Structures are given as structure tokens and as C-alpha cells.
Amino acid sequence: MLNKVLIANRGEIAVRVIRACQEMGIATVAVYSDLDRDALHVRLADEAYALGGQTAAESYLNTEAILDVISRSGADAVHPGYGFFSENTDFARAITEIGVKFIGPPPEAIEVMGDKVSSRKAAEAAGVAGVPGTTEFLTDASEVIAFGEQHGWPVAIKAAYGGGGRGMRVVRSAEEAPDAFESAKSEALKGFGRDECYVERYLTWPRHIEMQIIGDTHGNCVWVAERDCSAQRRHQKLVEESPAPAFPAEIRQAMGDAAVKVAKACGYVNAGTVEFLYQDGEFYFLEMNTRLQVEHPVTEMVSGIDLVAEQIRVAAGEPLSFTQDSIELSGHAIEIRINAENPAEGKFLPSPGHITTLVPPAGFGTRWDGGYESGDTVSQFYDNLVGKLICWGEDRPTAIRRTLRALREFRIEGIATTIPADIAILEHADFQEARHSTKWVEDTLDLTGVAAAPSTGAEGDGEARVQRDVDVEVNGKRFAVKVFVPESQAGAVVAAGAVGASGGAAGARPRRSAASGGGAGAGGSGAVTVPMQGTIVKVLVEVGQDVEAGATVCVLEAMKMENNITAEKAGTVKEIKVAPGDSVGSGDVVVVIE
Ligand code: MV4
């Protein structure tokens, strides 16, 4: 068995792998960037080493830095997680060449499945058809026209070295072919550095169904279960589930067999996923992902298999713990990706920042795979996945009800999240009756009424609250509002701020005169804080400057409005803690006044 695993990743997947290792009695080594010095995965690992740098490129994608930590830590295996180096042939080779186990497939399998044309050829050689199309690169728009006339319109022109739908052009008639061909090639060149394209029939309302497989080094390769990932937006999965709704058992069996054939054709070992498009009772090979996927927990919940533990066993040369016939699937599982994004008006704007409160739901059949806890900060430098909520029920309606209960119970403040949009998806009849497809979220679901969940912070982390009166301005009218802040911040002089047209804090009422007191008053620490999460757009004071009570010290952009943050008391600016562009959370101190 392995002795010490280095997790070459961060966030929830690093936490997931650390937990599996600890349950197996395997030591764990975390690596971290400068921004992740205090991250959850670092806190949980047995050892942690700095990679240096802030961005992914400077840290988690720095091969030399990771190889150096392997050498210093004595790790005998590396788990890449997903993203980052998880499907990088060179990285896998670099690890195996120094005699360390790469917990994933052989580099050769990664290579074959790395480009859409070679993966399609490998699948077709194994007798698994892709959507009817060409397996040679296009040289001219006339070939697109010939294909469309033969197979029917619409057709899809795709980038051979592309992914995630980028560069894909849907062509509905011969007249559209020349422009679509040129634009697909130029986008492919810009996006992937390669302009080779191919054409295939376009499926107008497909479901995106993927089959989990896992193979060991003893010739065993099995399919575990399928996942339906059709609830997506701009190729970003929002909701995944297993089993796929309205999916006949005979199709499941045939798709499972097809996935295993594709895996065996490329000598696959360890966990992998074969993606298909499913429409009108037919399924077509799309691509193969040579890594553990974000959504692997739904497969674990319906099969009872710990896929990460199996990955580690396989990497250690052990056989799979189960056979194809011993796998028993039970119930229904749904995964919700909780992203730090504001789904208001369907825009899903990034919402990095300081998480002031994070209390995940719990209860029967409720799992939280999270990468952050209260007090952690979601950085703009990395993927904004905060964690995944996975709920299991004995059938799909029960799983949907449980997921909705859990989403409503979820307490997360300081950042906006996709939770309101997730609730809208699960409440919708199209989703509940499985009428959705990969285009449903963007073409049909109406998210205009969806707004970021209000971040009150009032009951937050169980800390006692004290009342502070805040002067706010709503559309030019000033109000005195009661704000209940954690006792630890009570000394702060809660800034007066202008609050958006929504009227801001509940219970706002006409401002009382300053003489009536309010705020921390003269006795406060003089720390001026912000009443809500947002971004600093202007700082209007300097250290040493004298300010009057009510003077604006900085401007906070929040709730799509510019809010003036003002000092409650006169004094001299002693410290400025922010600069334009900084993200701040509710209650953060921005300026200190003596
Ligand atoms: C397709 C398709 C319909 N017909 N190919 C998009 C990303 C890339 N993996 C392949 N994709 C698609 N290829 C044909 N012939 C529809 C999509 C597609 C899609 C596929 C899977 C998951 C989400 C999707 C969202 C939009 C379009």
C-alpha cells in the first residue's frame, strides 16, 4: 500500500483526497500557494509545503516546485485531483519517471484521449460510435456542405483540439457553411493554437450522460454507474445526478459496456469517465475524461463505492474491491455545485470574498464536500467552487425534496453563491419531470427573478450580537438603521453607508439626528467598517488627515450601487486598510480614526 500521498491540488478535491488517505492510514502532504497558506486543505493535511506564488500558474501548475516537494517530503504517490495537472501527459510522465506513483491513468491513455479526433478514432476502433461525422480534418467548406446534404441539417463544426464547446459552430444550411467554417477555424486557432476542425450531425436536444469506469492493473475494468449532467450553463455544470432520469436499464447496460470497451481500447487504468450524448433512444460517444471528476460523489452515493479509496488501491497495484456483478445501485443522488457567483438576473457574476459564515446543512442523506469554512476567503485567482452539496434519496422525488431542504438550510454569508439559481432549477417542473437538456438552462429557464441570497450576518456564527445604529442613505434619503453585529466587532464604529435602491437593511427608517447618538460614539475604537460585502472603488482620505463626523472615507460598490462609507465621529485618520479593487466582507474594517 502507499505510505505518503502528495495532493497536487487545492480546495474541496484536495480535502476529499486527504480524508480518503487518512481513513486508509496514509500520510498526506498538502501544497499551497501564498494565498492558500491558511486554507482548509492545508489545515487538514499531515504536512504542508509552500509552492510560492499566487496564481495557479505560479503555484499549482509549477511542475518543478511540486517535484521539489515530492523529494523533500518523501511522498511515494501523487494525486492530481481534477483540473490543474490531472490530464497533463508531461506531468504524469515526470512523476512516474522518478519512480513515484501517479494516481491516475497511464500517460499514454491521457495522450490518446487528449484530442477529440484521436479519442473518436479510438472509440470507433472499439466499436463505439460517435455522432455521425468525419474523422478526417476538414479542408474546405464544400466538405461541410456535402456532409450536410448527405446526413441532414443542422451539422456541427468542431475544433479537433478544442473542448467545452468552444469553437463549435452549428450550421443549419449550405448557405451558412462558408462563414461558419472560417469562424470555427479562426476561433479554434485563437483558443487552442490548432485550427483543425471536423464536422458531425448536430443533435438539437441532447442529454449529456457520462459513465464512470474504473480499471486496475490486473485486467479488471468495470462501469459503475452513469451521471446525467444536462443542467449546465455555458458548459459549466450546475447540477448532476445519478442515475439519469428516464433512462432505460437496457440503455444503461449498453452504455456501460461501450464505456468499458473504450477504456480497454486505450489501456486505461484507474478512474475515468466516458461522455455520451443521448437523444431519441440513441447514445453517441463524445469524449473521455482521464481523471476523477468533480461530480464523482453522486456515483459514490448510489453505489456505496469510495472512488478515491479505489483509485489509491489501484495505484498501489491492488485489484479492485468489487466486480461488475457485485456492484449494486440504490436510490438517487443529486449534486449541487455551490459556486461563489451571483446568479442575479442570470448573470452568474464572480463573487470572490471573505466568507463570514458557512454552516452547511446536515441530516440523513446529506453530504457536504467543501473546500472552505467560516472565515476563509474565496480568491479570484482560482476556480470559484466553494464546495458540493450531495443529497441521496430512495428515489428521485425524495432526492429533489431533500436537496431543496438542504439548499434552504445552507447558511453562507459574506459572498454571493449560486444557491438561489440551484433552487430555481430544482423547483422547475421541466427539471422535476426530466424534460431538460444541455440547452435548457440557457434557452428556457428564466432566472430574471433570482437574486443573491440576502447576507444578513445577524445570526452568523453563534457569537453574541450587539445593536449598532447605522446611518444609511437610500436614493438620497438618509435613514438610521439598527444593525446587530458580532460582539467582537462591537467596538467598531459601524460606518454610515448609502444603501442601494432596494432600501438596504430591513427596518430602515428616517435618520435620527447625530445628537441622538448611534454608532460606537466617541468611545469606539474608531474603526470604520462596511455594512455589506462588496468592492472598494475609491479611497477618499489619507493617513494623518482630519475628518469630520459624516465625512465619506471610501466608496463601496455593492448591490450594483456605489455606497459612501462615512465616519461616525470626527478625528484623524490613523490607518487605511483598503485600496481600490479590494473585496471586503460585511463588517470588515476599512479605515481607523483616532
Ligand atoms: C454536440 C452537441 C450536439 N450535437 N455535438 C459541447 C461541449 C463539447 N463537449 C461537445 N458539446 C456538444 N456537442 C453534436 N453533434 C451539443 C453539445 C453541447 C453540450 C454537450 C455536453 C454538455 C453540455 C453541452 C452544452 C451545449 C452543447
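None of the values given here were measured: they were computed from a predicted structure.

**A few points about the overall build of the protein chain**
When helices and strands are tallied, the protein chain shows 15 helices and 35 strands. Across the protein chain, contacts joining residues at least 24 apart in sequence account for 65% of those joining residues at least 6 apart. Looking at the protein chain as shown, the accessible area adds up to about 23,500 Å², and 49% of this sits on carbon and sulfur atoms.

**Details of the sheet that holds strand β7 (residues 169–171)**
Pairing is antiparallel in the open sheet, where 3 strands are placed in the order β7-β6-β8. With one partner strand each, in any of the chains shown, β7 and β8 (197–201) form the two edges of the open sheet. Strand-to-strand twist across the sheet, computed as the mean angle between neighbouring axes with direction ignored, equals 25°. Across 5 bridges, the pairing between strand β6 (residues 155–159) and β8 is antiparallel. Bridge pairing in β8 links K158 to Y198. Helix-sheet contacts for helix α7 (residues 141–151) involve β6 and β8, and the interaxial angle to β8 is about 15°.

**Topic: unusual backbone geometry**
Backbone torsion omega between W153 and P154 reads -5°, so that peptide bond is classified as cis. The peptide bond linking S242 to P243 adopts the cis configuration, its omega dihedral lying at -5°. Relative to the assigned elements, P243 resides in the loop between β11 (236–242) and α9 (249–265). The backbone of N270 sits at a positive phi, close to 90°, despite the residue not being glycine. Of note, N270 is situated in strand β12 (residues 270–279). Taking relative accessible area as the criterion, N270 reaches 1% and is therefore assigned buried. For F348, which is not glycine, the phi dihedral falls at a positive 50°. When you line up the elements, F348 lands in the loop between β15 (341–342) and β16 (349–350).

**Here's the deal with helix α6 (residues 116–125)**
For α6, every residue scored as buried is listed here: K116, V117, S119, R120, A122 and A123. Looking at the buried positions of α6, the neighbouring elements they touch are α5 (107–112), β6, β8, α9 and β13 (282–289). Downstream of α6 by one or two residues, G127 has phi in the positive range, about 85°.

**A word on the site of the ligand**
Around the ligand there are 16 residues in total, and K158, G165, E200, R201 and L203 lie nearest to it. A distance of 2.8 Å separates a nitrogen atom of the ligand from a polar side-chain atom of E200. When the free accessible area of the ligand is taken as 520 Å², the share hidden by the protein chains comes to 92%. Counting residues per element, the ones that place at least two in the shell around the ligand are β8 and β13. In terms of residue class, the shell around the ligand is built from 6 nonpolar, 6 polar and 4 charged. Three or more residues apiece are contributed to the shell around the ligand by two domains, here domain 2 (105–130 + 203–324) and domain 3 (132–201).

**A short note on the packing of aromatic side chains**
Taken as a whole and judged by the stated rule, the model has 9 aromatic pairs. Centroid distance F85 to F91: 4.2 Å. Interplanar angle 10°. Geometry classified as stacked. Per residue, the accessibility class of F85 equals that of F91, and both read buried. When the ring of W368 is compared with that of F410, the centres are 4.8 Å apart and the planes differ by 85°; the resulting orientation is edge-to-face. You can see W368 sitting in strand β19 (residues 366–370) and its partner F410 sitting in the loop between α12 (396–409) and β22 (411–413), a full 42 residues away along the chain. Among the residues examined, W368 registers a relative accessible area of 16% and is labelled buried.

Procedures and definitions
- Residues numbered from 1 in each chain as written.
- Predicted model: local features only at pLDDT ≥ 70, side-chain atom pairs only at ≥ 80, totals over all residues.
- Heavy atoms only, no water.
- Helix = DSSP H or I, 4+ residues; strand = E, 2+ residues; numbered from the N terminus.
- Contact = heavy atoms within 4.5 Å.
- Areas by Shrake-Rupley, 256 points an atom, 1.4 Å probe, with all protein chains shown as cover.
- Pairing = 2+ DSSP bridges.
- Axes fitted to C-alpha atoms, helices over the stretch in contact; angles between N-to-C directions.
- Buried < 20%, exposed > 50% of the residue type's maximum accessible area, 1.4 Å probe, protein only.
- Near = heavy atom within 4 Å.
- Polar contact = N/O pair within 3.5 Å; in protein donor to acceptor, adjacent residues only side chain to side chain.
- Nonpolar A, V, L, I, M, F, W, Y, C, P; charged D, E, K, R; others polar.
- Domains from an automatic or database assignment.
- Phe/Tyr/Trp six-rings, centres within 6.5 Å; stacked < 30°, edge-to-face > 60°.

Any functional reading would require information beyond the geometric quantities listed.
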